[in-house]
There are 2 protein chains.
Amino acid sequence: MPQASAELTKKCVDTIRMLAADAVQQANSGHPGMPMGAADLAFVLWTRHLRFDPKEPRWLGRDRFILSAGHGSMLLYGLLHLSGYDLGLEDLKQFRQLHSRTPGHPEFRHTPGVEVTSGPLGQGFANGVGFALGQAMLSAQLGPGNPLEDHFVYAICGDGDLMEGVSAEAASFAGHHRLGRLVYLYDDNGITIDGKTDLTFTEDVTGRFEAYGWHVQSVDGRDHEGIDRALRAAKAELSRPSLIRVKTVIGFGAPKKAGTSGVHGAALGEEELAAAKKNLGWPEGPRFLVPDEVRAYWREVQEEKRMLRAAWDRKATAWRAANPAPAALLDAHVERKVPADLRAKLLEGADAADATRKLSQAAIQKAAALVPALVGGSADLAESNNTDIKGGGFVGAGSYQGRNVHYGIREHAMGAIANGLAYDGLHIPFSGTFLVFSDYMRPPVRLAALSRLQSIYVWTHDSIFLGEDGPTHQPIEQLTALRAIPGLHVVRPADGLETAAAWAHAIERREGPTALVLTRQKLPKLARASSDPEQLFRGGYVVTDAPGAKVTVIATGSEVGTTQAALALLAAKGVPARLVSMPCLACFEEQPASYRDAVVPPGHRVAVVEAARGLEWWKLAGKDGLVLGIDRFGASAPEKALAGEFGYTPEQVAAKLEAWARG
Amino acid sequence: MPQASAELTKKCVDTIRMLAADAVQQANSGHPGMPMGAADLAFVLWTRHLRFDPKEPRWLGRDRFILSAGHGSMLLYGLLHLSGYDLGLEDLKQFRQLHSRTPGHPEFRHTPGVEVTSGPLGQGFANGVGFALGQAMLSAQLGPGNPLEDHFVYAICGDGDLMEGVSAEAASFAGHHRLGRLVYLYDDNGITIDGKTDLTFTEDVTGRFEAYGWHVQSVDGRDHEGIDRALRAAKAELSRPSLIRVKTVIGFGAPKKAGTSGVHGAALGEEELAAAKKNLGWPEGPRFLVPDEVRAYWREVQEEKRMLRAAWDRKATAWRAANPAPAALLDAHVERKVPADLRAKLLEGADAADATRKLSQAAIQKAAALVPALVGGSADLAESNNTDIKGGGFVGAGSYQGRNVHYGIREHAMGAIANGLAYDGLHIPFSGTFLVFSDYMRPPVRLAALSRLQSIYVWTHDSIFLGEDGPTHQPIEQLTALRAIPGLHVVRPADGLETAAAWAHAIERREGPTALVLTRQKLPKLARASSDPEQLFRGGYVVTDAPGAKVTVIATGSEVGTTQAALALLAAKGVPARLVSMPCLACFEEQPASYRDAVVPPGHRVAVVEAARGLEWWKLAGKDGLVLGIDRFGASAPEKALAGEFGYTPEQVAAKLEAWARG
């Protein structure tokens, strides 16, 4: 770091504090306390340690920085502004205003330099584990000396992050895997919204992280040299992740409110803001002051960062020249390279009769051979989800060369770690569990959709037809709940071709998550009127038509085969019907109206068959339509018994459709 | 416990093992390994420690037993059968069959003696914390010497339970609160579905629980005296929860498969089952053998349990006689007593203009005064959710007399702990967080619905109109996702009267969870055509009608007021419309068709206005209808700016409705 007098250093840190306090005051909304308390530690980290290029926020050689305590967003925005990112004072002045680049919580893709969307607590913590995991995995593939191997993943976490279960899962995972390049600063300010943390949080956090296998230190939050020493020690400890517990004072500088929950989530107020400025020796006057000498200091910081980048670039260039094959692999990861004929390759020979989870397993093997960036894992259900990349190796503690991750029984962290892999953009992660347990990982799935991440979910055992495990394990409402998430593509394929197409779609979809919803039970091959593969990529298509049909029956997944059998019975009774398979409702809705009307003719009455809650289908079915769904929980019994109990034998479906069609 | 030779003891334990192995083999489905491995520790617990009355499974004086590792359900079913519950061998033979009383995972309300529905991992662990919390809270109210004060809460947990974040949150909560009557046995068998736990789970569990403030011991899983000593020591430690780490061998007795993941979740197979019987010296022959001497032994156990009950009953009777006021309070809890005029009392004076979260706060104060069993809490958002029972006191570490719980930033555990309170039936719990963070607690919400628990959720900040916190905090899809859960009543009131009615409904609804979805922002008082309070309890009703109306516009929550203003504009343009408020769609659907048709006339075209995803409204709207919902994520901005951006000013709503109505 550049030299600075104690006075200048103080001014630099107070600038961060006051930018935050001013912005929150201006918006009359936000969280001044965290930035004011954590300004010192962030300053030390950003000036002395963090490697970055403000002109190229996604520069590969950068260290990653995550503000897991995302409500302290003004801390991050202030740092981004001062360190030269494309974020001007005008942006800071628009804090929390419509269409500004400084929203209430940091948003990925929205503000340069923001690595992850944070705010929902614990998520950033786990995202960073994904960053470190991804780096370790790719670095192991590239071999020693590669330019990726020496970056660190830093995060600032708060009490809330550490109370959330997702961070506990992620910390256990990181400790097991010895992700030594994780360096987390715990902003221990002892205050949450409801008051002091000791109202409900008195555990020995230090001891807990030691039990996870982390390297743990404690320092005072105003002691720059102590923070620096701790960061150096953390970086030297490469076989364990590090937690540095930094004792801070929330709202430091505010004479009346510092150290209280009153400064957590509300503007200081004009009076207290003025008093804080006086207290810190800060000039009165207009808001958003950045003293010239502070600007000059940060210019020197930027110059140092430029030199760090230049050194990295030289090393990377030399490594590339000497290692053309690993360099090509690196590029394949950076570009998440996918062959142009992926669809054809995956569809080839995919038309088999089996459980879609098994058909998915076959697709995974092909895709993994074609797409180096594809990596997988499961929350202890690899054998059931059929997610293993065979021959791909398993990531273990200290050995990262595999393409399969044992996430353990930690669905929530799995989703958030996969998000980390996807944010970083060097991998296309897929992760598996039972569909019903998508409930355990909804927060990261939502964030994947909000941040438009390429994260793929392999959710098997997708209906009551998983059988004997019973209602705790049988999804009913999950399909509706997932389809409700804007931007998430939920794909429920009906056979081998649809499964292969679903995988191709998920891999080709660069900006947004895709969920593959797969059966435990074996399904038949569908008989299709058309063999055109394009139809498989339009969300819905006509499987078979019938002359004189005035009704269209839409089905998904395992119910397509059932409905095909039912429609054969129906045809024999003189009720011709069109069968539409609709594996992805969201994809279908993205089609032009002409296509949608060609598949589901406006003149037809419409029924939908899906062994799930079905609320989302009424838009297509309409008031004179029918949705054969399930509005209660399942039951523990063999698959065939459940089909009868819940009305999904072909005969039962045919009878209900006939009554409706004739009604 | 009754005396028994070593040989008889072994036979007793092997009976538990073999009932499980036989049942799983018969069903060809299930999890034999866990019961076979944990049979010893369960036998010691049930015969030497657990207090229960098989003839009255809900007897108040019983110890509570939770099989958190619910996949080992045959362990529980075998124990229930042997100890005299109404669960015959015929029931065991129907394991995992349709309509049997022995489903794949234990289900509350379904099988006598099953205290909680378990299977989704970590839930039972946290439910038990709720049991212990509820006992401590009520016992503190009743005073020393009360008959509730001496029961324990036992659970058997597996590796999966301890990997899940929800158990981490609950363990931290229990440690902080010093819930000393929790005695948890950790069945440490080192195996999960994917293989050995050391694939991904090598943390120091013992150290972690010590860091939470738990009392931790380790014992060998075959050492009955050691297990007994550990249980005694755990029970003697009343100021800390206890974890006893019991080293077991999964599938103990199966010669080839014991100690492997092969015995976790599949039948042993005929050959291995026969080999296991031979290995254990168990008779060949028909399945489901309970030797006579084992039956005789359990009869003696039952006699001992009867005597324990008789002693408790005597003490309870004496205490009741000496403490009539506390005894009445106890009864008010046991009956979850609610006054007959609750509705009238809550509605009285409730017609005010304010944010519904504030109106809810007023309702809570009244309800708490009328309903002793009502207890509340929030996940560190009490000031925002407005959930505090004022003057009700706060539960703290070692001091339990409050009616408010500081759950901390642990939404998932909060939901599961509240489930524990509700399963136990001595409290009516409500718990608060932001609506968007209902995602963090979906698994326990689902289980509350599945188990029909009276658990109330106070979810505030219910739309984009929370404003500046931005898209990470603004719910879009949550209403749809929650309404999709069978049996969950989601109530989104529009003003003070609807909020009071929502609270009355939630408190009067004994069997099933109710979610109150409340605004951050202030709402106007609605102008209603009818002042009949009954209409507020039918899910939906006509707020105002207009002569000649041919369209009905349905709205909920904050959009009712907006729509009322929009319809005034519309009326001025010659488009009369009926306004329907529909705070609870599920409740409305439970009304007779005649009522529903009276509210939403079949001849009307229907529009719905709700600032959310809206998929569930198309059933009412139909193809010629309109749903003014939101199909993207929100944005960080002040409330009024968002109204304009997302089209929810009265003028915008009126314009869209007019175009549609004239279209």
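Residues numbered from 1 in each chain as written. Chains lettered and ligands numbered in written order. Predicted model: local features only at pLDDT ≥ 70, side-chain atom pairs only at ≥ 80, totals over all residues. Heavy atoms only, no water.

## Section: the overall build of chain A
Right, so step 1: Helix and strand content of chain A: 25 helices and 18 strands.
Right, so step 2: For 663 residues, the compact-globule formula gives about 26 Å, and the C-alpha radius of gyration of chain A, at 28 Å, lands near that figure.
Right, so step 3: Each principal axis of the C-alpha atoms in chain A carries an extent, and together these give about 90 × 60 × 45 Å.
Right, so step 4: Out of the 663 residues in chain A, the part that is buried amounts to 69%.
Right, so step 5: In chain A, the proportion of contacts linking residues at least 24 apart, taken out of those at least 6 apart, comes to 77%.
Right, so step 6: Total accessible area computed for chain A in this model is approximately 20000 Å², and 52% of it derives from carbon and sulfur atoms.
Right, so step 7: Mean positive and mean negative side-chain charge positions of chain A (71 and 75 charges, respectively) differ by 2 Å. (Helix = DSSP H or I, 4+ residues; strand = E, 2+ residues; numbered from the N terminus. Rg over C-alpha atoms; globule rule 2.2 N^0.38 Å. Buried < 20%, exposed > 50% of the residue type's maximum accessible area, 1.4 Å probe, protein only. Contact = heavy atoms within 4.5 Å. Areas by Shrake-Rupley, 256 points an atom, 1.4 Å probe, with all protein chains shown as cover. Lys, Arg positive; Asp, Glu negative; His and termini not counted. Charge placed at Lys NZ, Arg CZ, Asp CG, Glu CD.)

## A few points about the pairing of strand β3 (residues 182-188) of chain B
Residues and elements named next belong to chain B.
Right, so step 1: The buried fraction of β3 is high, at seven of seven residues.
Right, so step 2: Alternating residues of β3 divide into Leu182, Tyr184, Tyr186 and Asp188 and Val183, Leu185 and Asp187, and every residue in both groups is buried.
Right, so step 3: As defined by bridge partners, strand β2 (residues 153-157) adjoins β3 across five bridges and the pair is classed as parallel. Across the sheet, residue Val153 finds its bridge partner in β3, namely Leu182. (Pairing = 2+ DSSP bridges.)

## Side note on the environment of B:Glu348
Right, so step 1: Within the secondary structure, B:Glu348 sits in the loop between α13 (342-347) and α14 (356-370).
Right, so step 2: For the pair B:Glu348 and B:Asp91, spaced 257 residues apart in the sequence, the C-alpha separation amounts to 52 Å.

## A look at the sheet that holds strand β7 (residues 242-247) of chain A
All names here are of chain A.
Right, so step 1: Overall, parallel pairing links the five strands, which are arranged β1-β2-β3-β7-β6 in an open sheet. Every other strand in the sheet has two partners, leaving β1 (64-67) and β6 (215-220) as the edge strands with one partner each. Geometrically, the sheet is characterised by an average inter-axis angle of 15° between neighbouring strands, direction not taken into account.
Right, so step 2: Across four bridges, β1 lies against strand β2 (residues 153-157) in parallel orientation. Its bridge partner lying in β2, Leu67 is registered against Ile156. (Axes fitted to C-alpha atoms, helices over the stretch in contact; angles between N-to-C directions.)

## A closer look at the UniProt feature "active site" (unreviewed entry) in chain A
Right, so step 1: Under the feature "active site" (unreviewed entry), the UniProt entry names A:Glu411.
Right, so step 2: When you line up the elements, A:Glu411 lands in helix α16 (residues 411-424).
Right, so step 3: Given the relative accessible area of 4%, A:Glu411 is considered buried.
Right, so step 4: With near-sequence residues (within four places) excluded, A:Glu411 lies in contact with A:Glu169, A:Ala379, A:Thr433, A:Phe437, A:Tyr440, A:Met441 and B:Glu164. (UniProt positions renumbered as here; feature names shortened; annotations may be inferred.)

## Things to note about the relation of the copies chain B and chain A
Right, so step 1: Expressed as a screw operation, the relation of chain B to chain A combines 0.0 Å of axial shift with a rotation of 180°, fitting to an RMSD of 0.0 Å. When the rotation and shift are considered jointly, the pair of chain copies conforms to a two-fold rotation axis.
Right, so step 2: A symmetric contact is evident, with 100% of the interface residues of chain B recurring at the interface of chain A. (Least-squares fit on C-alpha atoms with pLDDT ≥ 70 in both.)

## Description of the packing of aromatic side chains
Right, so step 1: A full pass over the atoms with the stated rule returns 44 aromatic pairs over all chains.
Right, so step 2: When the ring of B:Trp59 is compared with that of B:Trp312, the centres are 5.4 Å apart and the planes differ by 90°; the resulting orientation is edge-to-face. Pair noted here: B:Trp59 is in the loop between α2 (33-49) and β1 (64-67) and B:Trp312 is in helix α11 (residues 292-322), with a separation of 253 residues, a long-range link. B:Trp312 carries the same exposure label as B:Trp59, and that label is buried.
Right, so step 3: Among the aromatic residues, ring-to-ring pairing joins A:Phe125, A:Tyr184, A:Phe209, A:Tyr212 and A:Trp214 into one connected group.
Right, so step 4: When the ring centre of B:Phe152 is taken as reference, the NZ or CZ atom of B:Arg181 above it lies at 4.7 Å.
Right, so step 5: Positioned above the aromatic ring of B:Tyr595, the side-chain terminus of B:Arg538 is 3.8 Å from the ring centre. (Phe/Tyr/Trp six-rings, centres within 6.5 Å; stacked < 30°, edge-to-face > 60°. Lys NZ or Arg CZ within 6 Å of the ring centre and 35° of its normal.)

## Here's the deal with the packing of helix α1 (residues 6-27) of chain A against helix α2 (residues 33-49) of chain A
Residues and elements named next belong to chain A.
Right, so step 1: In the contact formed by α1 and α2, the axes pass within 9 Å of each other and the chain directions differ by 140°. By the angle class used here, α1 and α2 are oblique. As for how α1 packs across α2, the hand of that crossing is right-handed. Contacts between α1 and α2 involve Thr9, Cys12, Val13, Ile16, Arg17, Met18, Ala20 and Ala21 from the first element and Pro35, Met36, Ala39, Asp40 and Phe43 from the second.
Right, so step 2: Its residues placed into classes, the contact of α1 with α2 shows ten nonpolar, one polar and two charged. (Parallel < 35°, antiparallel > 145°, perpendicular 65-115°, else oblique. Left-handed = near helix turned anticlockwise from the far one by under 90°. Nonpolar A, V, L, I, M, F, W, Y, C, P; charged D, E, K, R; others polar.)

## A few points about the domain arrangement of chain A
Right, so step 1: Entries for chain A in the domain assignment read domain 1 (6-306), domain 2 (342-523) and domain 3 (537-662).
Right, so step 2: The straight-line distance from the C-alpha centre of domain 1 of chain A to that of domain 3 of chain A is 52 Å. (Domains from an automatic or database assignment.)

## A look at the state of the cysteines
Residue and element names in this part refer to chain B.
Right, so step 1: Under the definition given, this model contains two disulfides over all chains.
Right, so step 2: Across the disulfide, Cys584 is cross-linked to Cys587 (sulfur-sulfur distance 2.3 Å). Handedness of the Cys584-Cys587 disulfide follows from its S-S torsion of about 70°: it is right-handed.
Right, so step 3: A relative accessible area of 3% places Cys584 in the buried class.
Right, so step 4: Cys587 sits in the buried class, given a relative accessible area of 8%. (Disulfide = S-S within 2.5 Å.)

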